Amino acid sequence: MWWSCPYTRRIEMDAIRTLNTLQTNASYLEQVKRERGDPQLQLEAMRGFLERSGLKVEDLDQLNIIHVTGTKGKGSTCAFTERILRNYGLKTGFYSSPHLVQVRERIRINGQPISKELFSKYFWQVYNRLEETKDPGHASMPAYFRFLTIMAFHVFLQEKVDLAVVEVGIGGAYDCTNIIRKPIVCGVSSLGIDHTSILGDTIEKIAWQKGGIFKPGVPAFTVPQPERPLEVLRERARESPCPLYLCPDLDAFEEDDKALQLGLAGEHQRSNATLALQLSRAWLQQQGYQGTGELKPGVELLGKRPVPLAPAFRPSGSMVQGLQDTEWLGRTQVLQHGPVTWFIDGAHTTSSVQACVRWFRQAALNEEKPVDGSEVRVLLFNATGDRDTAALLKLLLPCRFDYAVFCPNITEVSAVGNADQQNFNVTLENMLTRCLESQKKWNRLMEEKVGQDLWLSPPMQVEGVGGLLKPDPLRGSLLFVPSSERPLNSNSLVFPCISHALQWITQGRDPHFQAPATKGLHLHPVAGSGAVLLKEAAAIRVLVTGSLHLVGGVLKLLDQSLSQ
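Owing to the predicted nature of the structure, the values given are computational and were not obtained by experimental measurement.

(A) Summary view of the sheet that holds strand S4 (residues 112-113). Taken in spatial order, the 8 strands line up as S4-S3-S2-S5-S1-S6-S7-S8 in an open sheet, and their pairing is mixed. The strands lining the two open edges of the sheet, one partner per strand, are S4 and strand S8 (244-246). Note: strand S2 (residues 92-95) against strand S5 (residues 163-167), 4 bridges, orientation parallel. Note that in S5 the partner of phenylalanine 94 across the bridge is valine 165. Along the sheet, helix H10 (residues 269-286) contacts strand S1 (65-69), S5, strand S6 (185-188) and strand S7 (220-222); its crossing angle with S6, the most-contacted strand, is approximately 175°.

Following this line, the structure appears as structure tokens:
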């Protein structure tokens, strides 16, 4: 019917807004306080919510799950794995986090986010069941991520997928996905330091958490890791007990004259691809499938290592094509929009930003150089949580950016119409304060790098950060520049939202954006002089990184089809 699309969208938005209320569920916060001393209570609570929704933990055994954790690369590994198995004609489910543009992205069937109709149907089905079974003595509703995890299980079971690839949210041992009892195979991607307030402040503690997804008798695979965390994973496997194998390099799967082509760019994706090959082959073999790739002659499991090496094999045609066809938005992604080239990667840990820098420098090097040599490089950055912003920014210095731009992870100053990207757990003022702190750290790094004299920027007519939260709509994109000492060479700016940042960066030269309003826009010399350079440059290279949420907001504005 002619009215079905607007009606469907309204129903979907109602579901998303209701889902967002679970971000600040008061009873959940009380529950977290109770659980903090005993993380095992988190899993018990999750099992309780699952049963209230109408499922038992045993029901999840039907999903033939591939369970994947890690610090970096776990999402890419899942994407490679799902694409390979879909090439075998299997109906796949894929649960991942976070979403970039729309929350429906977290729950996919055959590689596509579930439809708005299915999202609304299953959301209200699960939500109403939980509402009807409230217990005054316990948290009445699961929090945001727990709810979506339960909903994903309902979707996959009722849509009768052949398998589900499930990405861990945070950690492993006490992550709410770890109510899975009998996965077919488990994987651990590269380990590093992240979420230290939850997982611990050393890589060994983090490895212990990640190894918590191992299950008795279920084969597990990991990629090359530093010696100490690899030893922790080996101990966790022994405790389970389960067989743990180390993936050989991707070179071992390639023939002499033919390199495997990957749909995801960057040298670091090779370890994710080799893990995906092992997970896919193990799953297919466990399920009795043929054509899983023959072992290469003379290659055996090597028992002499602390963790035995998994066998290399000749990937089947379906595997080769799957690796090549894999798409995973916001990871080493390049968009060419006229003179503006966007390099987009959601790296947010030390190791992943290092990989991002290697990829960006190589990709930018491969770009055609302007005849007149006028190229402007811009960094668009934000970081959240307990991450060491200064450490991440320091890694980005070799990219030699002409400008560094900081903004919160919101597309517009007004959140109206952006229910998919609402975050009730942090205020706009807090987000802006974080951006200003990042700018100061960048300026300090630039000062240390170049060592030029400081100058005092003129004070702006504002009353602290709080006074910046009510922009005059007639003034266009307001700049948030702290009135403090800053290096002359440190060309950095802060904007209140992603849209305003992109408008300044593109200067009307990207067809997706209107030219920024001039009135009140250039309140600082950097903004004015930068606008001139950006307007006249033959090429603008923009690296967007530091946060997957930032990447999601940028993609939402650069590609309107992602919001459909």
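(B) Highlighting the layout of surface pockets. Of the voids in this model, the second largest pocket is the one considered here, and its volume is about 500 Å³. Looking at the second largest pocket, it is lined by 21 residues, and the ones nearest its centre are Arg108, Gly111, Gln112, Pro113 and Leu329. Looking at the lining of the second largest pocket, the elements with two or more residues in it are helix H4 (74-86) and S4. Element by element, the count of residues in the lining of the second largest pocket is highest for H4, at 4 residues. Classifying every residue of the lining of the second largest pocket by side-chain character gives 7 nonpolar, 6 polar and 8 charged.

(C) Spotlight on the side chain of aspartate 175. Mapped onto the elements of the fold, aspartate 175 is located in the loop between S5 and S6. An unpaired buried charge is present at aspartate 175: no salt bridge exists, and lysine 74, the closest side chain of opposite charge, is 8.3 Å distant. From its side chain, aspartate 175 meets the backbone nitrogen of glycine 169 in a polar contact 3.2 Å long. A polar contact of 2.6 Å, which involves the side chain of aspartate 175, links it to the side chain of threonine 177.

(D) Region of interest: empty space enclosed by the protein. Using the criterion set out here, one finds 2 cavities of 30 Å³ or more in the structure. Of the volumes computed, that of the largest cavity is approximately 70 Å³. For the largest cavity, the full set of lining residues is Ser96, Pro98, His99, Leu100, Glu105, Arg106, Arg108, Trp328, Leu329 and Arg331. Looking at the lining of the largest cavity residue by residue, the classes come out as 4 nonpolar, 2 polar and 4 charged.

(E) Molecular detail of the sheet that holds strand S9 (residues 333-337). Strand order in the open sheet formed by 6 strands is S9-S10-S16-S11-S12-S15, and the pairing between neighbours is mixed. Two strands bound the open sheet, and with one partner strand each, they are S9 and strand S15 (492-494). Taking the axes of each pair of neighbouring strands and ignoring which way they run, one obtains an average angle of 20° across the sheet. As judged from the 3 bridges shared by strand S12 (residues 403-406) and S15, these two strands associate in the parallel manner. What sits directly across from alanine 404, in S15, is serine 492. Across the sheet, helix H17 (residues 548-558) lies against S9, strand S10 (340-344), strand S11 (375-381) and strand S16 (539-545), angled at about 145° from S10, the strand it touches most.

(F) Structural context of H10. Taking 1.5 Å per residue as the helical rise, H10 with its 18 residues ought to reach 26 Å, and the 26 Å between its terminal C-alpha atoms agrees with that figure. Counting buried positions along H10 gives 15 out of 18 residues, so the element sits mostly inside the fold.

(G) Quick look at the packing of helix H5 (residues 116-132) against helix H6 (residues 144-158). The interhelical angle for the contact between H5 and H6, taken along N-to-C directions, is 120°, at an axis separation of 10 Å. Comparing their axes, H6 and H5 come out oblique. Note that H5 runs across H6; the crossing there is right-handed. Seen from H5, the contacting residues are Phe119, Tyr122, Phe123, Gln125, Val126, Tyr127, Arg129 and Leu130; seen from H6, they are Phe147, Ile150, Met151, His154, Val155 and Gln158. Here the contact of H5 with H6 is built from residues that sort into 10 nonpolar, 3 polar and 1 charged.

(H) Molecular detail of the nonpolar core. Formed by 44 residues in total, the largest nonpolar core has its most connected members in Leu19, Leu63, Phe119, Phe147, Met151, Phe153 and Phe156. When residues of this core are traced back to their parent elements, those giving at least two are helix H1 (4-20), helix H3 (40-52), strand S3 (107-109), H5, H6 and S5. Looking at which element gives the most residues to this core, the answer is H6, with 11 residues. Sequence-distant contacts of phenylalanine 156, that is, excluding residues within four places in its chain, are made with Leu63, Gly93, Phe94, Tyr95, Ile107, Arg108, Val161 and Ala164. Core analysis: the second largest hydrophobic core is formed by 35 residues, Leu100, Val376, Trp504 and Leu550 among them.

(I) A look at the packing of aromatic side chains. One pass over the structure, following the stated rule, counts 18 aromatic pairs. Ring centres of phenylalanine 123 and tyrosine 127 lie 5.5 Å apart, and the angle between their planes is 20°; on these two criteria the pair is classed as stacked. Taken together, the residues phenylalanine 123 and tyrosine 127, both in helix H5 and 4 residues apart, mark about one turn of the helix. One exposure class covers both phenylalanine 123 and tyrosine 127, and it is buried. Between the aromatic rings of tyrosine 174 and tryptophan 208, the centroid separation amounts to 6.3 Å while the plane-to-plane angle is 45°, which identifies the pairing as tilted. Within this pair, whereas tyrosine 174 is found in the loop between S5 and S6, its partner tryptophan 208 is found in helix H8 (residues 203-210), the two being separated by 34 residues in sequence.

(J) Up close: the pattern of salt bridges. Taken as a whole and judged by the stated rule, the model has 17 salt bridges. Residue lysine 74 is joined to glutamate 167 by a salt bridge in which the shortest nitrogen-to-oxygen separation is 3.7 Å. Of the two residues, lysine 74 is situated in helix H4 and glutamate 167 in strand S5; the sequence distance between them amounts to 93 residues. Using a relative accessible area of 3% as the deciding quantity, one classes glutamate 167 as buried. Two residues, arginine 270 and glutamate 267, come together in a salt bridge whose shortest N-O distance is 3.8 Å. Overall, the relative accessible area of 18% leaves arginine 270 in the buried class.

(K) Region of the structure containing the pairing of S6. Judged by which residues are buried, S6 turns out to be covered on both faces: Val185 and Gly187 on one side and Cys186 and Val188 on the other are all buried. Relative to S6, S1 runs parallel, the two sharing 4 bridges. Counterpart to histidine 67 in the pairing with S6 is cysteine 186. Bridge analysis of S6 against S7 gives 3 bridges, and the strand direction is parallel. Directly across from glycine 187, in S7, lies its bridge partner phenylalanine 221.

(L) Examining the packing of H3 against H6 more closely. Look at H3 against H6: their axes get within 10 Å of each other, and the N-to-C directions meet at 50°. Our classification of the angle between H3 and H6 gives oblique. Like other packed secondary-structure pairs, H3 and H6 cross with a definite hand, here right-handed. Between H3 and H6, the residues in contact are Gln42, Ala45, Met46, Phe49 and Leu50 and Arg146, Thr149, Ile150 and Phe153, respectively. Each residue belonging to the contact of H3 with H6 can be placed in one class, and the counts come to 6 nonpolar, 2 polar and 1 charged.

Thresholds, definitions, all that
- Residues numbered from 1 in each chain as written.
- Predicted model: local features only at pLDDT ≥ 70, side-chain atom pairs only at ≥ 80, totals over all residues.
- Heavy atoms only, no water.
- Pairing = 2+ DSSP bridges.
- Helix = DSSP H or I, 4+ residues; strand = E, 2+ residues; numbered from the N terminus.
- Contact = heavy atoms within 4.5 Å.
- Axes fitted to C-alpha atoms, helices over the stretch in contact; angles between N-to-C directions.
- 1 Å grid on protein atoms, 1.4 Å probe; cavity = no way out; pocket = protein on both sides within 12 Å on 5 of 7 lines; lining within 4 Å.
- Points joined across faces, edges and corners; volume = space filled by probe spheres on them.
- Nonpolar A, V, L, I, M, F, W, Y, C, P; charged D, E, K, R; others polar.
- Buried < 20%, exposed > 50% of the residue type's maximum accessible area, 1.4 Å probe, protein only.
- Lys, Arg positive; Asp, Glu negative; His and termini not counted.
- Salt bridge = Lys/Arg side-chain N within 4 Å of Asp/Glu carboxyl O.
- Polar contact = N/O pair within 3.5 Å; in protein donor to acceptor, adjacent residues only side chain to side chain.
- Expected span 1.5 Å × (residues − 1).
- Parallel < 35°, antiparallel > 145°, perpendicular 65-115°, else oblique.
- Left-handed = near helix turned anticlockwise from the far one by under 90°.
- Core = buried A, V, L, I, M, F, W, Y, C linked by side-chain atoms within 4.5 Å.
- Phe/Tyr/Trp six-rings, centres within 6.5 Å; stacked < 30°, edge-to-face > 60°.

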